[in-house]
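Okay, here's what each chain looks like letter by letter:
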Amino acid sequence: MSTEAPPKVLFEVTEAHLDTGLRGYPVGTCRTSSVDPDKGVTYVGYTLEDLIEMPAEHVVYLLVNKHLPSADQAEALRRNLAHRAAVDPRVFRVLRALPKDGHPMEWLIAGLNALGMTGKTHDWKEDALNVIARISTLVAAIFRIREGRRPIEPDVSLTFAENFAHMIGIENPPDILPEYLRKFYIMHMDHGGGNLSTFVGKAIASGKADMYASLGGAMAALYGPRHGRANQECLAFVHEIGSSQPKAVEKRVREILAEGGVVYGFGHGVLRAEDPRAKIQYKFAEEHFPDNELVKTVLTLRKVVPKILKENPRIQNPYPNVDAVSGAIMTACGLIDPEYYTLLFGWSRVAGIAAQIADERTFPGKKDGLPIYRPKYVAKNQPPRTTKG
Ligand code: MLT
């Protein structure tokens, strides 16, 4: 007779759980991050408050190696990433051939596939590091080529975030831009195993497509307005509010809701309290851009919207999420075209997804990584079979 304890029941699936987007279903384990509904995301047990003042390379190291680096290990990773950052010139040729009216995320998907065609190693861990290094070069080139400018070469002497700001090369950026990009990067890197883009990327990789094709699919998932493109939509919403005065903001928000519109930047699929990523950005915005009209508007929205949303008992989370503030700060930092905001989300999220894909493909004790994803769908409402004639 076996003495092993029976496996713990984590979740009882009933018919009511079907067709709910797998919301809350335990699917697997995740070593990089975890999302607590009240406290928000932690990376390998560290809160964003613990990590947000660190160089980006330290956090990349954490997600890849599951512990923080010593100063020497961090410097070695900085150099390692800098030396991997060059992109095959054929990738830029592919980008130059793309229609300018495509969205930057469509360019990113094409760019990732081109990166794969010109540089994959078929070693999941190597490809994860390569893509984390090359994504800055690719994303910066997307910014520049779309505007008819030449890509700027990576500068191996700079930190990860400084190098990215250098390669975007916007004219007269505020001194604070690399600092915000560093924070933006750290905050958006990972959000548990089940956010749509990460889940999709891991599912594609489970069929043993390569890292780049998996990330291309993940970025297609991120492109949707219910996921990553919400940051672009949120800035349009903030502009639509058109005032930072509490009374005017309240009136406009109520009108938008009455018209059946969406209040972008509030609520979340998992979180049930204010997103720590929003908190960090409100603080940054108040410190650096207190007189900026858009910043003042998002600060008023933070006070006004939760009260209004709480009037609806069906709303489980009336609080700001990561997208509530980023568009206002990016505009203040000189990144004025919101079409690029999801691209920046992708620039960062690729790190967490690549780390999670590498973890699932090299899972301890599984020679060939975790099995191919194959959830069950229940047959329902299928019309009865008819016979011809
Ligand atoms: C996020 O960063 O908030 C997401 O990717 C959305 C999610 O967690 O489902």
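Conventions and cut-offs
- Residues numbered from 1 in each chain as written.
- Predicted model: local features only at pLDDT ≥ 70, side-chain atom pairs only at ≥ 80, totals over all residues.
- Heavy atoms only, no water.
- Domains from an automatic or database assignment.
- Contact = heavy atoms within 4.5 Å.
- Buried area = accessible area lost by both parts, 1.4 Å probe.
- Salt bridge = Lys/Arg side-chain N within 4 Å of Asp/Glu carboxyl O.
- Polar contact = N/O pair within 3.5 Å; in protein donor to acceptor, adjacent residues only side chain to side chain.
- Helix = DSSP H or I, 4+ residues; strand = E, 2+ residues; numbered from the N terminus.
- Phe/Tyr/Trp six-rings, centres within 6.5 Å; stacked < 30°, edge-to-face > 60°.
- Buried < 20%, exposed > 50% of the residue type's maximum accessible area, 1.4 Å probe, protein only.
- Lys NZ or Arg CZ within 6 Å of the ring centre and 35° of its normal.
- Near = heavy atom within 4 Å.
- Areas by Shrake-Rupley, 256 points an atom, 1.4 Å probe, with all protein chains shown as cover.
- Nonpolar A, V, L, I, M, F, W, Y, C, P; charged D, E, K, R; others polar.
- 1 Å grid on protein atoms, 1.4 Å probe; cavity = no way out; pocket = protein on both sides within 12 Å on 5 of 7 lines; lining within 4 Å.
- Points joined across faces, edges and corners; volume = space filled by probe spheres on them.
- Disulfide = S-S within 2.5 Å.
- Expected span 1.5 Å × (residues − 1).

1. Comments concerning the domain arrangement of the protein
Here comes step 1: Looking at the assigned domains, one finds that the protein contains domain 1 (42–225 + 338–361) and domain 2 (230–332).
Here comes step 2: Computed over C-alpha atoms, the centres of domain 1 and domain 2 are 27 Å apart.
Here comes step 3: Between domain 1 and domain 2, the contact holds 22 residues from the first and 22 residues from the second.
Here comes step 4: Surface buried jointly by domain 1 and domain 2 totals about 1,800 Å² across both partners, of which 69% is contributed by carbon and sulfur atoms.
Here comes step 5: Our count for the domain 1 to domain 2 interface comes out at zero salt bridges.
Here comes step 6: The interface formed by domain 1 and domain 2 holds six residue pairs in polar contact (both at pLDDT 80 or more) in total.
Here comes step 7: Those elements that provide at least two residues to the side of domain 1 that touches domain 2 are helix H1 (48–51), helix H8 (177–188) and helix H16 (341–361).
Here comes step 8: Per-element accounting of the side of domain 1 that touches domain 2 gives the leading share, six residues, to H8.

2. Structural notes on the packing of aromatic side chains
Here comes step 1: Per the counting criterion, the structure on display carries nine aromatic pairs.
Here comes step 2: Ring plane angle 40° and centroid distance 5.2 Å describe the contact between Phe11 and Tyr25, whose orientation is recorded as tilted. Of this pair, Phe11 sits in the segment before strand E1 (33–36) while Tyr25 sits in the segment before E1, placing them 14 residues apart in sequence.
Here comes step 3: Both rings, one in Tyr180 and one in Phe284, keep their centres 5.2 Å apart while their planes meet at 40°; by these two values the pair is tilted. Of this pair, Tyr180 sits in helix H8 while Phe284 is found in helix H13 (residues 276–288), placing the two residues 104 residues apart along the sequence.
Here comes step 4: According to the relative accessible area criterion, Tyr180 is buried, its value standing at 1%.
Here comes step 5: Ring pairing ties together the aromatic residues Phe160, Phe164, Tyr185 and Trp347, which thus form one cluster.
Here comes step 6: Positioned above the aromatic ring of Trp107, the side-chain terminus of Arg146 is 5.0 Å from the ring centre.

3. Re the site of the ligand
Here comes step 1: The environment of the ligand is made up of His191, Asn195, His227, His268, Arg277, Phe345 and Arg349.
Here comes step 2: A distance of 2.7 Å separates an oxygen atom of the ligand from a polar atom in the side chain of His191.
Here comes step 3: Side-chain polar atom of Arg349 to an oxygen atom of the ligand: 2.7 Å apart, as the coordinates give it.
Here comes step 4: Contact with the protein chains hides 83% of the accessible area of the ligand, taken as 270 Å² for the molecule alone.
Here comes step 5: Looking at the shell around the ligand, its residues break down into one nonpolar, four polar and two charged.

4. Side note on the pattern of salt bridges
Two side chains of opposite charge can pair, provided their charged atoms sit close to one another.
Here comes step 1: Counted according to the given criterion, the structure contains 26 salt bridges.
Here comes step 2: When the shortest N-O distance is used, the salt bridge between Arg79 and Glu75 registers 3.0 Å. Of this pair, Arg79 and Glu75 both sit in helix H3 (residues 71–84), four residues apart, which is roughly one turn of the helix.
Here comes step 3: We note a salt bridge from Arg254 to Glu311, for which the minimum N-O separation is 2.8 Å. You can see Arg254 sitting in helix H12 (residues 246–258) and its partner Glu311 sitting in the loop between helix H14 (293–309) and helix H15 (323–332), a full 57 residues away along the chain.
Here comes step 4: Under the relative-accessibility criterion, Arg254 is labelled partly exposed at 32%.

5. Considerations on the layout of surface pockets
Here comes step 1: Computed from the structure, the second largest pocket encloses a volume of approximately 460 Å³.
Here comes step 2: Forming the walls of the second largest pocket are 16 residues, and the residues nearest its centre are Leu18, Asp19, Leu22, Lys376 and Tyr377.
Here comes step 3: Partitioning the lining of the second largest pocket into residue classes produces 10 nonpolar, three polar and three charged.

6. Section: the side chain of His103
Here comes step 1: Along the polypeptide, His103 turns up in the loop between helix H4 (89–96) and helix H5 (104–119).
Here comes step 2: Residue His103 is classed as buried on the basis of its relative accessible area of 6%.

7. Here we look at the state of the cysteines
Here comes step 1: Under the criterion given, the structure shown has zero disulfides.
Here comes step 2: Cys234 carries a free sulfur, and the closest cysteine sulfur to it, the one in Cys333, is 16 Å from it.
Here comes step 3: Overall, the relative accessible area of 2% leaves Cys234 in the buried class.

8. What to know about the side chain of Thr198
Here comes step 1: Mapped onto the fold, Thr198 is located in helix H9 (residues 196–206).
Here comes step 2: Polar contacts involving the side chain of Thr198 include one to the side chain of Asn195, which spans 2.9 Å.
Here comes step 3: Excluding anything up to four places from it in sequence, Thr198 contacts Gly192, Gly193, Arg349, Ile353 and Gln356.

9. Some thoughts on helix H10 (residues 211–222)
Here comes step 1: Relative to the 16 Å expected for 12 residues at 1.5 Å per residue, H10 spans 16 Å between its end C-alpha atoms, a close match to the ideal helical length.
Here comes step 2: Most of H10 sits inside the fold, with 10 of its 12 residues counted as buried.
Here comes step 3: Every buried residue of H10 is listed here: Met211, Tyr212, Ser214, Leu215, Gly216, Gly217, Ala218, Met219, Ala221 and Leu222.
Here comes step 4: Where H10 is buried, its residues touch H5, helix H6 (124–146), H9 and H16.
Here comes step 5: Of the residues that open H10, the one with a side-chain oxygen 2.8 Å from the backbone nitrogen of Tyr212 is Asp210.

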